[in-house]
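The residues making up each chain are set out below.
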Amino acid sequence: MEPPNLYPVKLYVYDLSKGLARRLSPIMLGKQLEGIWHTSIVVHKDEFFFGSSGISSCTPGGTLLGPPDSVVDVGNTEVTEEIFLEYLSSLGESLFRGEAYNLFEHNCNTFSNEVAQFLTGRKIPSYITDLPSEVLSTTSALLGLHSDPASRRELCRQTQWPKLTGLHGTARLSTAFPF
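Quantities reported herein were computed from a predicted structural model and do not represent experimental measurements.

1. What to know about the pairing of strand β3 (residues 46-51)
For β3, the buried fraction is high: six of the six residues fall into the buried class. Neither face of β3 is exposed, since Asp46, Phe48 and Phe50 on one face and Glu47, Phe49 and Gly51 on the opposite face are all buried. Both strand β2 (residues 37-43) and β3 contribute to a ladder of three bridges, which runs antiparallel. The partner of Val43 across the bridge, within β3, is Asp46. The loop that links β2 with its antiparallel partner β3 comprises two residues; one of these, His44, has a positive phi angle of about 55°. Here β3 folds back onto strand β4 (residues 54-58) in antiparallel fashion, the turn holding two residues.

Structure representation (structure tokens):
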């Protein structure tokens, strides 16, 4: 029996604040944040990410964010490119439509975590996935908001993520995607 082909899976991590979170968070939030993380998954020679436009792809490092601040080796996968693109198509029609994007509860990091688990069975680092709840709990305390789910949803509804048109401006959708 021939061994299966293994494809490397990488997590690209970008600090959207370009270092400002590290410097200003203690003053603004009373808590140290290392960054405001945007993540994507690199597999089969493309970078895949989720935003308000839905699922997009580009060549690795091909967004206007430039090269990632760090690259995390998530592992290897046996999932072929064909099966992976079918999986992404399904996600793009269901869980990860553009209108489903929410800065705090359903974002690029949620997408990267979901895809990493599908490909490798491993989650992305918790310092990334825990950041929204950290910010919300700190912000809620500073604003005097209750920590109940309804208050968090209201804060999320009122908070609009600034569109990074440049982020999606260089991205392309694979022709295999029907959306």
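Having seen the structure, we can now continue with the description.
2. Structural notes on the packing of helix α2 (residues 81-93) against helix α3 (residues 108-120)
Relative to each other, α2 and α3 sit at 145°, their axes nearing to 12 Å. Pair α2 / α3 crosses with right-handed handedness. Taken together, the residues of α3 that come into contact with α2 (itself represented by Phe84, Tyr87, Leu88 and Leu91) are Phe111, Glu114, Val115, Phe118 and Leu119.

3. Brief notes about the nonpolar core
Core analysis: the largest hydrophobic core is formed by 32 residues, its most contacted members being Ile41, Phe84, Leu88, Leu91, Phe111, Val115 and Leu119. Mapped by element, the contributors of at least two residues to this core are β1 (7-15), α1 (20-29), β2, β3, α2, α3 and α5 (131-143). Setting aside chain neighbours within four positions, we find Phe84 in contact with Val43, His44, Phe48, Val79, Val115, Phe118 and Leu119.

4. Thoughts on the sheet that holds β1
Spatially, the five strands line up as an open sheet ordered β4-β3-β2-β1-β5, and their pairing is antiparallel. Two strands close off the open sheet at either side, each with one partner strand: β4 and β5 (70-77). Pairwise comparison of adjacent strand axes, ignoring direction, gives a mean angle of 25° for this sheet. Relative to β4, β3 runs antiparallel, the two sharing five bridges. When the sheet's bridge partners are listed, Phe48 is paired in β4 with Ser57. Relative to β2, α3 is tilted by about 30°, and along the sheet it contacts β1, β2, β3, β4 and β5.

5. Let's talk about the pattern of salt bridges
All chains considered together, the criterion is met by four salt bridges. Among the salt bridges present, the one from Glu34 reaches Arg22, with a minimum N-O distance of 3.1 Å. Highlighted residues: Glu34 in the loop between α1 and β2 and Arg22 in helix α1, separated in sequence by 12 residues. Using a relative accessible area of 41% as the deciding quantity, one classes Glu34 as partly exposed. Here Lys31 ties to Glu134 by a salt bridge, and the two come within 3.6 Å at their closest N and O atoms. Of this pair, Lys31 sits in the loop between α1 and β2 while Glu134 sits in helix α5, and the two are 103 residues apart along the sequence.

6. A closer look at the environment of Asn76
For Asn76, the position within the fold is in strand β5. Exposure remark for Asn76: the relative accessible area of 45% places this residue in the partly exposed category. On a C-alpha basis, the gap between Asn76 and Leu119 in space is 7.6 Å, while along the polypeptide they are 43 residues apart. Once residues within four sequence positions are removed from consideration, Asn76 is found in contact with Leu6, Tyr7, Pro8, Val9, Leu119 and Thr120.

7. Some words on the packing of aromatic side chains
Considering all chains together, one arrives at nine aromatic pairs under this definition. Summarising the aromatic geometry, the rings of Phe84 and Tyr87 are spaced 6.4 Å apart at their centres and angled 35° between planes, so their arrangement reads as tilted. One end of the pair is Phe84 and the other is Tyr87, both in helix α2 and three residues apart, which spans about a single turn. The two residues Phe84 and Tyr87 agree in class, both being buried.

About the criteria used
- Residues numbered from 1 in each chain as written.
- Predicted model: local features only at pLDDT ≥ 70, side-chain atom pairs only at ≥ 80, totals over all residues.
- Heavy atoms only, no water.
- Buried < 20%, exposed > 50% of the residue type's maximum accessible area, 1.4 Å probe, protein only.
- Helix = DSSP H or I, 4+ residues; strand = E, 2+ residues; numbered from the N terminus.
- Pairing = 2+ DSSP bridges.
- Axes fitted to C-alpha atoms, helices over the stretch in contact; angles between N-to-C directions.
- Left-handed = near helix turned anticlockwise from the far one by under 90°.
- Contact = heavy atoms within 4.5 Å.
- Core = buried A, V, L, I, M, F, W, Y, C linked by side-chain atoms within 4.5 Å.
- Salt bridge = Lys/Arg side-chain N within 4 Å of Asp/Glu carboxyl O.
- Phe/Tyr/Trp six-rings, centres within 6.5 Å; stacked < 30°, edge-to-face > 60°.

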